[in-house]
Amino acid sequence: MDYYTIASILMVISALFGYINVRFLKLPITIGLMVITIVFTLVIVVIGQFDDTLLLHEKELISQIDFKTVLLDIMLSFLLFAGALHTNFNQLKVQRWPVLVFATLGVLVSTFLVGILTFYLLQILGLDVAFIYCLLFGALISPTDPIAVLGILKKAGAPKKLETKIVGESLFNDGVGVVVFLTIFAIAARPDAAIEFSEIATLFGQEVLGGIGLGLILGYITYKLLKSIDDYEVEVIITIATVMGGSLLAHKLHMSAPLAMVTAGLIVGNDTIRKNSMSDITEMYVDKFWELIDVLLNTVLFVMIGMEMLILTFRFDYILAGLIAVPLVLLSRYISLWLPIKFFDKKLQFVKNTNLIMTWGGLRGGISIALALSLTQEMHRELFLVITYIIVVFSIIGQGLTVEPIIKRLTKNAD
């Protein structure tokens, strides 16, 4: 199948499942689409026991989609820019230090905790996996997914300063998480080669600091262009060019495109810059366009995640490892957040039970699956893909469906 055919089929399926969700289930779009797609895929598998025509067609469709490339190199930049565009910049500025620590130190601590716990879990289950590969799994599962978080938190009704922490962390920690993953991946791929600390520092600095720096430049250029004209059609096109051209440039310069897009989106979406650079009609069209892009890509993404189960190797020990890994990953996140929250608590007056809410509200999504798909067979790709998929499904459906009542209960008397 050619790319247009694949895209068309995905769009038709997404529209149909989106309609079913809005008409009957009335769940948040990310949860509803994932539930419907998984149920649809399971029905196809059952029917396939008698007539495998549909099953073979669905397998052919999903096997021809390079999920990692589609998400990390194409969709992610659009989704992060759209998310950052509608994030409260002033609140984020106040919460910048805890967000920065959560997105860096928090990811590193969680990576090592998950790696250690997973290593011993797999040993107990009789699965002989080297520690470096467990650490690699820790790196891919530790970042929370901004796409999933933003989609569900919009309706959760969390206090603004708490929402800013969760959203701000998820916007930045995926970029940091990808860099940590790539660093450990480079070490795991060359077990006999000596990796200098300076190499790691250079990679981290170029990807993270370079990405943020590029985002600042792109955001400033976009602001100046928007300010110099008053034509909402061209101004919307300029924001699209910022994302597409900026992502391409980031890849060419080996900088983090996600971090560049988050930074550019925060600058363009800043209330002060909006008032200075956009007319009311331009602001309305820019917001509506990026809201539509956000919903459209989210719809397609979570349909693809649901269909990915067809390529998994479901062995009993793999499934058992995935089920046990769910509480281990949540425990690791809770511990990784505890110290930063204690440190900043008095100064910034955190909402009560912030750690519990951030642990449960830190959802995993497509980014973790995309990174798991990039593992090689020597890195136990099939095992970690099944574990990752189980954690993501639990995260989106289990945590996603309960995060709203939990937030309301735990923040009853909060501002």
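Residues numbered from 1 in each chain as written. Predicted model: local features only at pLDDT ≥ 70, side-chain atom pairs only at ≥ 80, totals over all residues. Heavy atoms only, no water.

## Things to note about the overall build of the protein
Stage number 1. When helices and strands are tallied, the protein shows 18 helices and zero strands.
Stage number 2. Against the 2.2 N^0.38 benchmark of 22 Å for 415 residues, the protein shows a C-alpha radius of gyration of 21 Å, consistent with a compact globule.
Stage number 3. Expressed as a percentage of the 415 residues in the protein, the buried residues total 53%.
Stage number 4. Accessible area of the protein: about 18,800 Å², with a carbon and sulfur share of 67%. (Helix = DSSP H or I, 4+ residues; strand = E, 2+ residues; numbered from the N terminus. Rg over C-alpha atoms; globule rule 2.2 N^0.38 Å. Buried < 20%, exposed > 50% of the residue type's maximum accessible area, 1.4 Å probe, protein only. Areas by Shrake-Rupley, 256 points an atom, 1.4 Å probe, with all protein chains shown as cover.)

## Digging into helix α1 (residues 3–25)
Residues lying three or four places apart along an α-helix face the same way, a consequence of the helix completing one turn every 3.6 residues.
Stage number 1. If you check α1, its first and last C-alpha atoms are 31 Å apart, about what 23 residues at 1.5 Å a residue would give, namely 33 Å.
Stage number 2. Of all the residues in α1, the buried ones are Ile-6, Leu-10, Ile-13, Ser-14, Phe-17, Gly-18 and Asn-21.
Stage number 3. The inward-facing, buried residues of α1 contact α2 (29–48), α3 (53–63) and α14 (280–307).
Stage number 4. At the C-terminal side of α1, Lys-26 shows a positive phi close to 55°. (Expected span 1.5 Å × (residues − 1). Contact = heavy atoms within 4.5 Å.)

## Comments concerning helix α7 (residues 131–141)
Stage number 1. Along α7, nine of the eleven residues are buried, which leaves the element largely enclosed by surrounding structure.
Stage number 2. Among the structural elements, α6 (96–124), α9 (160–189), α15 (316–348), α17 (366–373) and α18 (381–410) are those in contact with the buried residues of α7.

## So, the pattern of salt bridges
Stage number 1. Applying the stated criterion across every chain yields a total of six salt bridges.
Stage number 2. Across the salt bridge formed by Glu-169 and Arg-333, the nearest N and O atoms sit 2.9 Å from each other. Here Glu-169, found in helix α9, pairs with Arg-333, found in helix α15; they are 164 residues apart in sequence, far enough to count as distant.
Stage number 3. Residue class for Arg-333 comes out buried when judged on its relative accessible area of 3%.
Stage number 4. Salt-bridge contacts for Arg-274 lead to Asp-287; the nearest nitrogen and oxygen are separated by 2.9 Å. Taken together, the positions of Arg-274 in helix α13 (residues 271–277) and Asp-287 in helix α14 put the pair 13 residues apart, joining distant regions of the chain. As far as burial versus exposure is concerned, Arg-274 and Asp-287 are alike and both buried. (Salt bridge = Lys/Arg side-chain N within 4 Å of Asp/Glu carboxyl O.)

## Brief notes about the environment of Ile-47
Stage number 1. Here Ile-47 lies in helix α2.
Stage number 2. Residue classification places Ile-47 among the partly exposed positions, given a relative accessible area of 38%.
Stage number 3. Through-space distance from the C-alpha of Ile-47 to that of Glu-196 is 54 Å; in sequence the pair is 149 residues apart.

## Quick word on the confidence of the model for the protein
Stage number 1. The predicted model of the protein has a mean per-residue pLDDT of 90, with 97% of residues at 70 or higher.
Stage number 2. Mean pLDDT across the elements of the protein bottoms out in helix α8 (residues 146–153) (70) and peaks in helix α11 (residues 232–252) (97). (pLDDT = per-residue confidence, 0-100.)

## Considerations on unusual backbone geometry
When glycine is set aside, most residues are seen to have a negative phi, and most peptide bonds are trans.
Stage number 1. We note that Asn-353 has phi near 65°; this positive angle belongs to a residue other than glycine.
Stage number 2. Turning to its location among the elements, Asn-353 is positioned in the loop between α15 and α16 (354–361).
Stage number 3. Taking the relative accessible area as the measure of exposure, Asn-353 reaches 27% and is therefore partly exposed.
Stage number 4. Non-glycine residue His-380 carries a positive phi angle of around 60°.
Stage number 5. Of note, His-380 is situated in the loop between α17 and α18.

## With respect to the packing of helix α4 (residues 67–85) against α17
Stage number 1. The contact between α4 and α17 brings their axes to 8 Å, and the two run at 135°. One way to sum up the angle between α4 and α17 is to call them oblique. Remark: the crossing between α4 and α17 carries left-handed chirality. Contacts between α4 and α17 pair Phe-67, Lys-68, Leu-71, Leu-72 and Leu-76 from the former with Gly-366, Ile-367, Ile-369, Ala-370, Leu-371 and Leu-373 from the latter.
Stage number 2. Classifying every residue of the contact of α4 with α17 by side-chain character gives nine nonpolar, one polar and one charged. (Axes fitted to C-alpha atoms, helices over the stretch in contact; angles between N-to-C directions. Parallel < 35°, antiparallel > 145°, perpendicular 65-115°, else oblique. Left-handed = near helix turned anticlockwise from the far one by under 90°. Nonpolar A, V, L, I, M, F, W, Y, C, P; charged D, E, K, R; others polar.)

## A closer look at the side chain of Glu-207
Stage number 1. Tracing the backbone through its elements, the reader meets Glu-207 in helix α10 (residues 197–228).
Stage number 2. No salt bridge is formed by the buried Glu-207, whose closest oppositely charged neighbour, Lys-68, lies at an N-O distance of 11 Å.
Stage number 3. Leaving out residues up to four positions away in the same chain, Glu-207 has contacts with Val-179, His-254, Met-255, Ser-256 and Leu-259. (Lys, Arg positive; Asp, Glu negative; His and termini not counted.)

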